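An overview of the molecular structure
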Amino acid sequence: MKKNLSLKKILAAVAIVISPFLIVAQTQMVFSSKPFQKGGSEQKEFIWNTPIYGKININKPLKNYAKKIDDYAMEKLHISGVYSSYISLYCIPTDEDIDRRTNVEITLYLTDSELEKNVINIDIMPNEKDATTFYGTGFSDELAKMGIVQYDAETEKTVGKKTEFKIYLHENLPSVSNEELGEKNGRIVLNSGIYIFLGSLIVNYTTVTDSREIGEWKDRCTNITDSIHSKYEK
C-alpha cells in the first residue's frame with residue numbers, strides 16, 4: 001500500500017509540473033486549402049496565388065485576448081451591434097526576428113458569439129465564394145507583400161523561394177520587466193507585448209515570374225476581405 005501511495009504522489013507531482021506545457025500545446029493554428037467547415041484537411045505547404053484557410057484552437061475563450069474596436073471604426077464600418085472587438089495576429093517569416101522588424105498587425109474582428117469560442121475557422125487568403133472572415137487588416141499584407149520576391153539584375157529574373165511564416169496571437173497582458181524578456185513556455189515576451197505562438201505554414205513563391213503577380217494576388221485577397229463586413233451590416 002505504501003508503494004502504491006508513493007507512486008500516486010509521484011504521478012500527481014509530475015502532472016503539476018507538466019500541466020503548463022499541456023496548456024501551451026492546446027494552443028495551435030492549422031491550415032488548409034479548403035475551409036475546414038467545408039471538409040478541408042490539414043496541410044503545411046501552399047503555392048502562392050492559391051486559397052489558404054486556417055483554424056485557431058486556443059485554451060481560453062477568444063474574449064481573453066480581445067481588444068475593443070474604437071468608436072471611429074465602429075461608425076465608419078457600420079458594424080455597431082454586430083462586431084465589438086478584435087484580436088491581433090502577427091504573421092512573420094521565420095528568417096526574420098520578431099523583435100527587429102516593423103510588424104503588420106493583423107486585426108481580426110469578432111462577433112460577440114465568436115468571442116465566447118475557443119475554436120474558430122478563419123480565412124487566410126480566400127476565394128470570394130468561401131470568404132467569411134472580417135478583417136481590419138488581413139494576411140495579404142504579409143503573405144503577398146511586394147518584398148517577398150526579389151528581382152535579380154544579373155539574371156534579369158524575379159526570384160522567389162519557399163518561405164515559412166510563424167503566426168502569433170498578441171496577448172493583452174501588463175508590461176513586464178527586462179528580466180522577463182525572451183521566449184518561454186510558448187510565449188515570446190517583448191517590450192511591445194506578449195505573443196503566443198499559434199502555428200506556421202510555408203508558401204512556395206518559386207513560380208513567380210514578375211513581382212506584379214504578387215501585387216495582383218494581394219489586391220484580390222484584400223478586396224475580398226474588405227468587402228466581407230457588408231454582409232453583416234444592419
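Okay, the environment of Phe139 next. As for its position among the elements, Phe139 is in the loop between β8 (135-137) and α4 (140-143). Taking relative accessible area as the criterion, Phe139 reaches 1% and is therefore assigned buried. On a C-alpha basis, the gap between Phe139 and Cys221 in space is 8.7 Å, while along the polypeptide they are 82 residues apart. In this structure, Phe139 is in contact with Met29, Leu89, Cys91, Ile106, Ile122, Asp123, Ile124, Met125 and Ile167, ignoring residues within four places of it in sequence.

Glancing now at the packing of aromatic side chains. Across all of its chains, the model carries 7 aromatic pairs by this definition. Aromatic pair Trp48 and Trp217: ring centres 6.2 Å apart, planes at 70 degrees, arrangement edge-to-face. With Trp48 in the loop between β2 (45-47) and β3 (52-57) and Trp217 in helix α5 (residues 211-227), this residue pair connects regions lying 169 residues apart in the sequence. With respect to burial, Trp48 and Trp217 carry one shared label: buried. Relative to Tyr109, the ring of Tyr86 has its centre 6.2 Å away and its plane inclined at 50 degrees; by these criteria the two rings are tilted. Here the residue Tyr86 occupies a position in strand β5 (residues 83-93), and Tyr109 occupies one in strand β6 (residues 106-111), the gap between them amounting to 23 residues.

The next subject is α5. For α5, with 17 residues, the first-to-last C-alpha span of 25 Å sits near the 24 Å given by 1.5 Å per residue. Where α5 is buried, its residues touch β7 (119-125), β8 and α4.

Of all hydrophobic cores here, the largest spans 39 residues; its most connected members are Leu89, Ile122, Phe139, Leu143 and Tyr205. Elements supplying a minimum of two residues to this core: β1 (28-32), β3, β5, β6, β7, β11 (162-171), β14 (193-204) and α5. Membership of the second largest hydrophobic core comes to 13 residues, among which are Ile79, Val82, Phe134 and Ile224.

Take the sheet that holds β3 next. Pairing within the open sheet is antiparallel, and its 3 strands lie in the order β1-β3-β7. Two strands lie at the open edges of the sheet, namely β1 and β7, each paired on one side alone. Strand after strand, the sheet turns through a mean of 25 degrees between neighbouring axes, direction not considered. By the bridge criterion, 6 bridges tie β3 to β7 in an arrangement that is antiparallel.

Here we take up the side chain of Ser140. Position of Ser140 among the secondary structure elements: in helix α4. Looking at Ser140, its side chain comes within polar contact range of the side chain of Thr222, at 2.7 Å. In contact with Ser140, other than residues within four places in its own chain, are Met125, Lys145, Lys218, Cys221 and Thr222.

A word on the pattern of salt bridges. If you walk through the whole model with that rule in mind, you get 10 salt bridges. In this structure, Asp210 and Arg212 form a salt bridge, with 2.7 Å as the shortest nitrogen-oxygen distance. For Asp210, a relative accessible area of 23% gives the class partly exposed. Members of the salt-bridge network, linked through shared partners, are Lys38, Lys129 and Asp130.

Now for the environment of Asn57. Summarising the element assignment, Asn57 is placed in strand β3. In this structure Asn57 comes out as partly exposed when scored by relative accessible area, which is 27%. Sequence separation between Asn57 and Val30 is 27 residues, and the spatial gap between their C-alpha atoms is 8.4 Å.

When the pLDDT values of the protein chain are averaged, the result is 81; 79% of them are 70 or greater. The least confident element of the protein chain is helix α1 (residues 2-25), whose mean pLDDT is 40; the most confident is β2, at 98. Here residues 1-5 is modelled with pLDDT under 50, and outside its nearest four sequence neighbours on either side it reaches 0 contacts, counting other chains as well. Low pLDDT (under 50) marks residues 7-25, which in the prediction has 5 contacts with non-local residues, meaning those over four places away or in another chain.

The rules behind each value
- Residues numbered from 1 in each chain as written.
- Predicted model: local features only at pLDDT ≥ 70, side-chain atom pairs only at ≥ 80, totals over all residues.
- Heavy atoms only, no water.
- Helix = DSSP H or I, 4+ residues; strand = E, 2+ residues; numbered from the N terminus.
- Buried < 20%, exposed > 50% of the residue type's maximum accessible area, 1.4 Å probe, protein only.
- Contact = heavy atoms within 4.5 Å.
- Phe/Tyr/Trp six-rings, centres within 6.5 Å; stacked < 30°, edge-to-face > 60°.
- Expected span 1.5 Å × (residues − 1).
- Core = buried A, V, L, I, M, F, W, Y, C linked by side-chain atoms within 4.5 Å.
- Pairing = 2+ DSSP bridges.
- Axes fitted to C-alpha atoms, helices over the stretch in contact; angles between N-to-C directions.
- Polar contact = N/O pair within 3.5 Å; in protein donor to acceptor, adjacent residues only side chain to side chain.
- Salt bridge = Lys/Arg side-chain N within 4 Å of Asp/Glu carboxyl O.
- pLDDT = per-residue confidence, 0-100.

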